[in-house]
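Chain and residue survey
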Amino acid sequence: MKKTVLVFGLLILALLLLFQISKYSIVSGNLQVEMAIAVVAIVFFLIGVYLNKKSLHRNKLPQGEIDYQKIEALGLSKREYEVLREISKGASNQEIADRLFLSESTVKTHVSNVLLKLNAKRRTQAVQIALEMQIL
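Structure report, in brief.

Of the regular secondary structure elements, the chain holds seven helices and zero strands. Here the chain holds 136 residues, and 25% of them are scored as buried. Pairs at least 24 residues apart make up 54% of the contacts formed inside the chain by residues separated by at least 6 positions. Roughly 10,300 Å² of accessible area belongs to the chain as shown, and the carbon and sulfur atoms make up 62% of that amount.

Listed below in structure tokens is the structure:
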């Protein structure tokens, strides 16, 4: 957290310095307005490329086999695991019930059990935890 605040603080400082230099250049007549705007645009572009590489292209976990031992260690039943797989596809309780030939109340029970066993508060968090544990 401190590193992120420091990086953004330095970026803001660099931009302020850039603006002051461009303001000085325009006032002194050494540089045209278009050139100052182009320099600012290039700096913003480079910052965007840097942030994109840092945040969006993190190394992902290697795609491996599903770890069935972890599923058993969590105590997930076969039906609960099927419900978790459907949750990861973005299905609603009614859609899961239709696909697995269950009642909606049974699906709700299975979803509650999955959330409890994965120590998750929301369905999306359960899917994220399951992906990190490599059980999906």
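The next subject is helix H4 (residues 78-88). Every buried residue belonging to H4 is among Glu80, Tyr81, Glu82, Val83, Leu84, Glu86 and Ile87, and all of these are buried. On its buried face, H4 sits against helix H3 (68-74), helix H5 (93-100), helix H6 (104-118) and helix H7 (123-132). Just downstream of H4, Gly90 is the residue with a positive phi angle, here 90°.

Before going further, it helps to examine the packing of H6 against H7. Two measures define how a pair of helices packs: the angle their axes make with one another and the distance between the axes. Interhelical geometry of H6 versus H7 gives an angle of 55° and a closest axis separation of 10 Å. In terms of orientation, H6 lies oblique with respect to H7. Regarding H6 and H7, the two cross each other, and that crossing is left-handed. Facing Val111, Leu115 and Leu118 of H6, the residues of H7 in contact are Arg123, Ala126, Ile129 and Ala130.

Our next topic: the environment of Ile87. If you trace the backbone, Ile87 turns up in helix H4. Between the C-alpha atom of Ile87 and that of Arg123, which follows or precedes it by 36 residues, the distance is 7.0 Å. Ignoring anything within four residues of it in the chain, the contact list for Ile87 reads Ile96, Val111, Arg123 and Val127.

Moving on, we come to the pattern of salt bridges. Scanning the model with the defined rule gives four salt bridges in all. For Lys117, the salt bridge identified is with Glu80, shortest N-O distance 2.8 Å. Of this pair, Lys117 sits in helix H6 while Glu80 sits in helix H4, and the two are 37 residues apart along the sequence. Looking at Lys117, the relative accessible area reads 30%, which means it is partly exposed. Relative accessible area serves as the criterion here: at 5%, Glu80 is assigned to the buried category. Look at the salt bridges and you will find they share partners, linking Glu86, Lys89 and Arg99 into a network.

Take H7 next. Every buried residue of H7 is listed here: Ala126, Val127, Ile129 and Ala130. Across the axial projection of H7, the buried residues extend over an arc of 165°, all falling on one side. Contacts from the buried residues of H7 go to H4 and H6.

In terms of nonpolar packing, the biggest core is built from 21 residues, with Leu84, Ile96, Leu118 and Ile135 touching the most fellow members. Only H4, H5, H6 and H7 provide two or more residues apiece to this core. Broken down by element, the residue count for this core peaks at five residues, all from H6. Discounting chain neighbours no more than four positions away, the residues touching Leu84 are Leu76, Val114, Leu118, Ala126, Ala130, Ile135 and Leu136.

Rules used in this analysis
Residues numbered from 1 in each chain as written. Predicted model: local features only at pLDDT ≥ 70, side-chain atom pairs only at ≥ 80, totals over all residues. Heavy atoms only, no water. Helix = DSSP H or I, 4+ residues; strand = E, 2+ residues; numbered from the N terminus. Buried < 20%, exposed > 50% of the residue type's maximum accessible area, 1.4 Å probe, protein only. Contact = heavy atoms within 4.5 Å. Areas by Shrake-Rupley, 256 points an atom, 1.4 Å probe, with all protein chains shown as cover. Axes fitted to C-alpha atoms, helices over the stretch in contact; angles between N-to-C directions. Parallel < 35°, antiparallel > 145°, perpendicular 65-115°, else oblique. Left-handed = near helix turned anticlockwise from the far one by under 90°. Salt bridge = Lys/Arg side-chain N within 4 Å of Asp/Glu carboxyl O. Arc of directions from axis to C-beta. Core = buried A, V, L, I, M, F, W, Y, C linked by side-chain atoms within 4.5 Å.

The values reported here are purely geometric and, on their own, carry no functional implication.
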